[in-house]
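For reference, the chains in residue letters:
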Amino acid sequence: MIIGAGIVGCALADELTARGLHDVTVLEQGPLFATGGSSSHAPGLVFATNPSKTMTEFAKYTVAKYSRLDLDGRWCFRAVGGLEAATTPQRWDDLKRKLGLARSWGVRAELVGPDECARMWPLLDSDRVLGGLYTPDDGLAKAVRAGEAQARAATARGAAFLDHHTVVGVERDGGRVRGVVTDRGAFPADVVVSAAGFWGPAIGRMAGVAVPLLPLAHQYAFTAPVEGVENPPEIEARRPLLRHQDRDLYFREHGDRIGIGSYAHRPMPVHLADVAEPGAEASEDMPSKLEFTPADFDPSWRDSVELLPALAGSTIEEGFNGVFSFTPDGMPLLGESRALRGFWLAEAVWVTHSAGAARAVAEWIAEGRPSTDVHECDVHRFEDAQLSPAYVADRGKQSFVEVYDVVHPAQPIEGPRPLRTSPFYQRERDLGAFFLEGGGWERPHWYTANAPLVRPEDEGAVHDPWAARYHSPLVCAEARATREGVALYDMTPLKRLEVSGPGALAFLQRMTTNQLDRKPGGVAYTLLLDPGGGVRSDLTVARLDEDFFQVAVSSSLDVEWLRAHLPADGSAVLRETTAGTCCIGVWGPLARDLVQPLSGDDLSHEGFGFFKARRVHIGHVPVLALRVSYVGELGWELYTGADLGLRLWDTLWEAGRGLGAVAAGRGAFNSLRLEKGYRLAGTDMTTEHDPYEAGLGFAVRLDKGDFIGREAVAAAAEREPRRRLSCLTLDDPERTAMGREPVLVDGAPAGYVTSAAYSTTLGRTVAYAWLPAEAGLPGTAVEVEYFGEPLAATVAAEPLFDPQMARIRR
Ligand code: FAD
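These numbers come from a predicted model, not from an experiment.

Brief notes about the pattern of salt bridges
Note that side chains of opposite charge can pair when their charged atoms are close.
So, step 1. Summed over all chains, the structure comprises 52 salt bridges.
So, step 2. A salt bridge links Arg152 to Glu148; the shortest N-O distance between them is 3.6 Å. Within this pair, Arg152 and its partner Glu148 are both found in helix 5 (residues 143-156), separated by four residues, close to a single helical turn.
So, step 3. Residue Asp650 pairs with Arg427 through a salt bridge whose shortest N-O separation is 2.7 Å. On the criterion of sequence distance, the pair formed by Asp650 in helix 17 (residues 642-656) and Arg427 in helix 10 (residues 425-430) is long-range, its members being 223 residues apart.

Here we look at the sheet that holds strand 36 (residues 635-641)
So, step 1. As summarised here, the arrangement of the six strands in space is 34-35-36-33-27-37, forming an open sheet in which the pairing is mixed. Looking along the sheet, the strands with just one partner apiece sit at the ends: strand 34 (613-618) and strand 37 (662-664). When strand polarity is set aside, the average angle formed by the axes of neighbouring strands in this sheet is 30 degrees.
So, step 2. Pairing analysis gives three bridges linking strand 35 (residues 621-626) to strand 36, with the strands arranged antiparallel. Looking at the pairing, Leu624 lines up with Tyr639 of strand 36.
So, step 3. Contacting strand 27 (487-490), strand 33 (581-587) and strand 37, helix 13 (residues 473-484) runs over the sheet at an angle of about 120 degrees to strand 37.

Considering the packing of aromatic side chains
So, step 1. The tally for this structure, following the rule as stated, stands at 29 aromatic pairs.
So, step 2. Ring centres of Tyr630 and Tyr678 lie 5.6 Å apart, and the angle between their planes is 20 degrees; this geometry places the pair in the stacked category. A residue pair is termed long-range when its members are at least 10 positions apart, and Tyr630 in the loop between strand 35 and strand 36 and Tyr678 in the loop between helix 18 (666-676) and helix 19 (710-718) qualify at 48 residues.
So, step 3. Feature note: the residues Tyr220, Phe222, Tyr250, Tyr263, Phe320, Phe324, Phe326, Trp350, Phe400 and Tyr404 constitute an aromatic cluster, connected by ring pairs.
So, step 4. In this structure, Arg78 packs its charged tip against the face of Trp75, placed 5.5 Å from the ring centre.

Topic: the environment of His605
So, step 1. Secondary-structure assignment places His605 in the loop between helix 16 (591-595) and strand 34.
So, step 2. Note: C-alpha distance between His605 and Ala143 (462 residues apart in sequence) is 65 Å.

A short note on the domain arrangement of the protein
So, step 1. With domains assigned, the protein is organised as domain 1 (2-326) and domain 2 (722-810).
So, step 2. Each side of the interface is counted separately: domain 1 has 12 residues, and domain 2 has 10 residues.
So, step 3. Carbon and sulfur atoms make up 61% of the area that domain 1 and domain 2 hide from each other, which totals about 880 Å².
So, step 4. On inspection of domain 1 and its partner domain 2, the count reaches one salt bridge.
So, step 5. Between Glu785 and Arg103 there is a salt bridge, and its shortest N-O distance comes to 2.9 Å.
So, step 6. Viewed at the interface, domain 2 and domain 1 are joined by four residue pairs in polar contact (both at pLDDT 80 or more).
So, step 7. Here the side of domain 1 that touches domain 2 takes eight residues from helix 3 (residues 89-104), the largest share from any one element.
So, step 8. Of the residues that constitute the side of domain 1 that touches domain 2, the class distribution is four nonpolar, three polar and five charged.

Side note on the sheet that holds strand 6 (residues 77-78)
So, step 1. Strand order in the open sheet formed by three strands is 3-10-6, and the pairing between neighbours is antiparallel. The sheet is open, and its two borders are formed by strand 3 (45-46) and strand 6, each paired with just one other strand.
So, step 2. Pairing between strand 6 and strand 10 (residues 139-141): two bridges, direction antiparallel. Bridging across to strand 10, Phe77 finds its partner in Ala141.

Remarks on the environment of Ala433
So, step 1. With respect to the helices and strands, Ala433 occurs in strand 25 (residues 433-438).
So, step 2. Each C-alpha atom of the pair Ala433 and Glu693 lies 37 Å from the other, and the pair is 260 residues apart in sequence.
So, step 3. Setting aside anything within four residues of it in sequence, one finds Ala433 in contact with Glu428, Pro444, Trp446 and Tyr447.

Some details on the site of the ligand
So, step 1. Taken together, the neighbourhood of the ligand is formed by 35 residues, with Glu28, Thr35, Ser39, Val349 and Thr352 sitting nearest.
So, step 2. Residue Glu28 places a side-chain N or O atom 2.6 Å away from an oxygen atom belonging to the ligand.
So, step 3. Within the complex, 97% of the 1000 Å² of free accessible area of the ligand lies under protein.
So, step 4. For the shell around the ligand, the secondary-structure elements that each account for two or more residues are helix 1 (7-18) and strand 22 (316-326).
So, step 5. The greatest single-element share of the shell around the ligand, amounting to four residues, is contributed by strand 22.
So, step 6. Here the residues of the shell around the ligand sort into 19 nonpolar, 15 polar and one charged.

Here we look at helix 18
Note on helix geometry: an α-helix contains 3.6 residues per turn, so any two residues three or four positions apart are oriented the same way.
So, step 1. Within helix 18, nine of the 11 residues are buried, which leaves the element mostly enclosed by the surrounding structure.
So, step 2. Those residues of helix 18 lying buried are Gly667, Ala668, Phe669, Ser671, Leu672, Arg673, Leu674, Glu675 and Lys676.
So, step 3. Considering only its buried residues, helix 18 is in contact with strand 26 (441-447), helix 13, strand 27, strand 33, strand 40 (748-759) and strand 41 (764-772).
So, step 4. Where helix 18 ends, the next residue or the one after it, Gly677, has phi of about 75 degrees, a positive value.

Conventions adopted
- Residues numbered from 1 in each chain as written.
- Predicted model: local features only at pLDDT ≥ 70, side-chain atom pairs only at ≥ 80, totals over all residues.
- Heavy atoms only, no water.
- Salt bridge = Lys/Arg side-chain N within 4 Å of Asp/Glu carboxyl O.
- Helix = DSSP H or I, 4+ residues; strand = E, 2+ residues; numbered from the N terminus.
- Pairing = 2+ DSSP bridges.
- Axes fitted to C-alpha atoms, helices over the stretch in contact; angles between N-to-C directions.
- Contact = heavy atoms within 4.5 Å.
- Phe/Tyr/Trp six-rings, centres within 6.5 Å; stacked < 30°, edge-to-face > 60°.
- Lys NZ or Arg CZ within 6 Å of the ring centre and 35° of its normal.
- Domains from an automatic or database assignment.
- Buried area = accessible area lost by both parts, 1.4 Å probe.
- Polar contact = N/O pair within 3.5 Å; in protein donor to acceptor, adjacent residues only side chain to side chain.
- Nonpolar A, V, L, I, M, F, W, Y, C, P; charged D, E, K, R; others polar.
- Near = heavy atom within 4 Å.
- Areas by Shrake-Rupley, 256 points an atom, 1.4 Å probe, with all protein chains shown as cover.
- Buried < 20%, exposed > 50% of the residue type's maximum accessible area, 1.4 Å probe, protein only.

Here it is, written out as structure tokens:
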């Protein structure tokens with residue numbers, strides 16, 4: 001059962017029936033196929049390039065699919081090309097970065113000069129532009145047509161589309177969806193997908209499922225006929241789609257008129273109660289089309305005329321404020337709900353990504369997993385603190401404002417901040433912490449209190465302005481202090497769970513790849529795979545008692561995945577403890593000198609070995625100590641209750657004075673983990689990668705019994721990897737990279753960087769990158785393309801630092 005026959009619902013019906021699930025019904029409150037939803041009037045610009053590989057894959061599939069479709073001989077997609085114009089040096093630089101993203105994700109793109117921009121768009125004032133990014137395969141999608149064409153294909157395979165059926169209730173029983181109720185009767189169903197677009201939260205309320213999206217209005221206007229613009233009605237447009245992101249504008253031709261879309265105006269949230277009922281038949285009067293507010297458009301019109309002077313002779317003839325969905329992070333909401341099994345979301349999806357997102361959801365439903373990694377779109381990616389209506393509204397509005405902004409990958413959200421803080425927050429502020437935000441948490445990236453430790457060479461280590469924006473010489477100082485002395489890291493945001501009960505071991509064994517059947521006190525690094533053997537995530541599992549484990553996970557997606565697989569007989573229980581506890585990482589060669597005098601417990605290597613866990617006391621504070629290290633130095637993660645956190649911090653801090661202990665932030669942490677080759681799940685590897693090619697084969701024990709993904713991973717173990725997650729160093733110590741840049745082999749893009757950071761220990765930038773297996777061998781010369789410039793790099797044997805593990809195991 002699919003709710004909504006917009007572009008997403010239609011694409012989903014097609015993708016499901018194509019996979020053999022023929023018993024599909026699509027319920028639509030409006031008429032078919034100009035339903036009155038967002039798709040009915042979307043101007044259909046498709047720009048594929050996106051910072052997210054997943055979103056780019058979705059767009060590429062959409063383009064490929066709609067290019068093949070027609071409706072009674074009329075096209076569904078035309079590749080008129082895309083042109084993003086830069087009018088500021090900042091944008092021009094960003095287009096070079098975007099060119100890199102396009103090349104990383106396999107989209108054809110090139111930078112063109114002002115004259116070429118004006119040749120493509122003769123109305124454009126070439127004196128105003130510095131250049132553009134031209135993407136020949138981008139173009140126009142006819143959303144209603146493509147919807148209908150896909151609906152026909154689905155209908156031919158057995159699907160039914162019912163118009164004027166308004167879903168008014170969702171039926172549930174025992175935590176599972178049983179069907180929906182409409183104004184024309186009830187429809188039983190074992191799987192219900194809400195593809196209701198910006199009505200999603202209303203459907204969510206019927207199902208008892210949080211749908212974190214905010215409907216916002218966005219202005220679109222049509223000029224009167226413009227001289228020099230002539231396109232036969234059947235093709236609509238010849239010139240590329242044009243984006244003027246420095247003014248939050250986009251343009252396309254409509255016959256002899258120009259359509260102008262603007263994100264420059266104030267965010268205009270829309271209350272669902274204010275949206276009209278769907279029209280009786282396809283008409284201009286559509287619920288998602290609100291009345292045009294010309295005053296909001298005036299500045300955009302002036303900016304349009306400035307870029308396209310020929311518009312001065314024209315005028316705005318008509319316009320509307322069109323409604324569509326914005327989420328807290330600007331990404332779609334896909335997946336099955338934790339709150340109601342069998343109830344799925346496919347919402348906050350643009351026309352651009354519609355077929356790709358629909359394919360992913362169809363694969364997920366039909367085959368158990370999408371072939372494209374979708375963790376960035378998963379409906380469970382948000383923390384509970386990110387689901388309040390106030391948060392969704394604040395973040396949704398910010399997503400709207402930032403649609404066309406140049407957004408730095410490390411740029412923190414503006415608000416709401418601070419939302420979540422660790423017990424050490426005030427101490428961190430006192431030390432001059434510079435905070436970034438992640439999962440709602442304030443996370444120190446460096447501390448100005450460490451300024452006296454900065455050396456002259458640290459000052460210029462990262463001088464490229466883009467990379468330096470969220471870097472500080474203090475990062476180098478803190479990294480060095482960790483390698484040479486001892487540092488305290490606030491690890492509180494690391495999510496942790498307790499798993500207990502007689503079935504706890506069997507449950508964790510089934511969920512993960514490594515052997516967890518160790519004596520109490522043993523700790524294991526292990527992987528969560530999906531059924532296809534792809535790496536979902538990694539975990540650290542500490543067995544604290546026969547039936548009691550502490551599990552450190554990467555994200556709320558892991559918690560959800562584990563919860564969803566708990567044994568039905570209640571023999572294993574999972575409890576998240578993150579909010580009530582805290583953690584300090586104490587790492588560095590002097591870590592033992594710091595903590596041993598504070599404890600009556602034996603913390604020697606013999607008394608407390610590597611990858612062991614024990615309950616000990618640090619001063620007055622009972623802690624769970626795990627002898628693990630993500631930075632590659634001797635030390636412990638020390639966990640205690642949030643109530644005792646401050647006392648723990650102060651105890652360590654006081655004792656550390658004589659040893660020169662420092663507080664260190666995420667900047668140093670990230671650099672040190674790359675020196676050690678420690679992968680970051682979701683960034684360095686995803687479900688698209690198997691453990692062996694990701695260099696994580698050591699965490700897979702095929703002989704331990706069955707676990708999720710075992711069959712697939714056993715097959716992967718037998719074959720030579722096609723690609724490898726490889727370690728690179730940039731040859732020129734002065735140059736840097738950030739992540740997501742293309743890696744060139746013999747001058748052509750062959751892979752992409754996942755993570756990169758300046759290494760203080762090595763005095764150069766370290767990057768991890770996916771490369772074809774033959775190119776991923778140590779010694780191979782490659783290039784990392786950074787803002788359009790190829791930087792020489794060499795594949796290195798890893799890990800770069802302490803391969804013998806001598807510093808940790810002592
Ligand atoms: P919709 O098309 O809104 O479909 C949802 C359907 O669910 C509707 O038909 C609705 O009637 C139905 N429904 C809702 N509640 C119920 C119920 N209770 N019972 C039964 N049926 C129900 N995207 C791009 O990619 N490129 C662009 O250039 C672009 N420009 C845009 C310009 C404007 C002005 C606007 C408003 C949007 C634009 N978008 C663009 C975004 C794009 O239009 C949407 O993201 C996309 O159309 C959403 O498709 P959908 O199928 O999820 O939603």
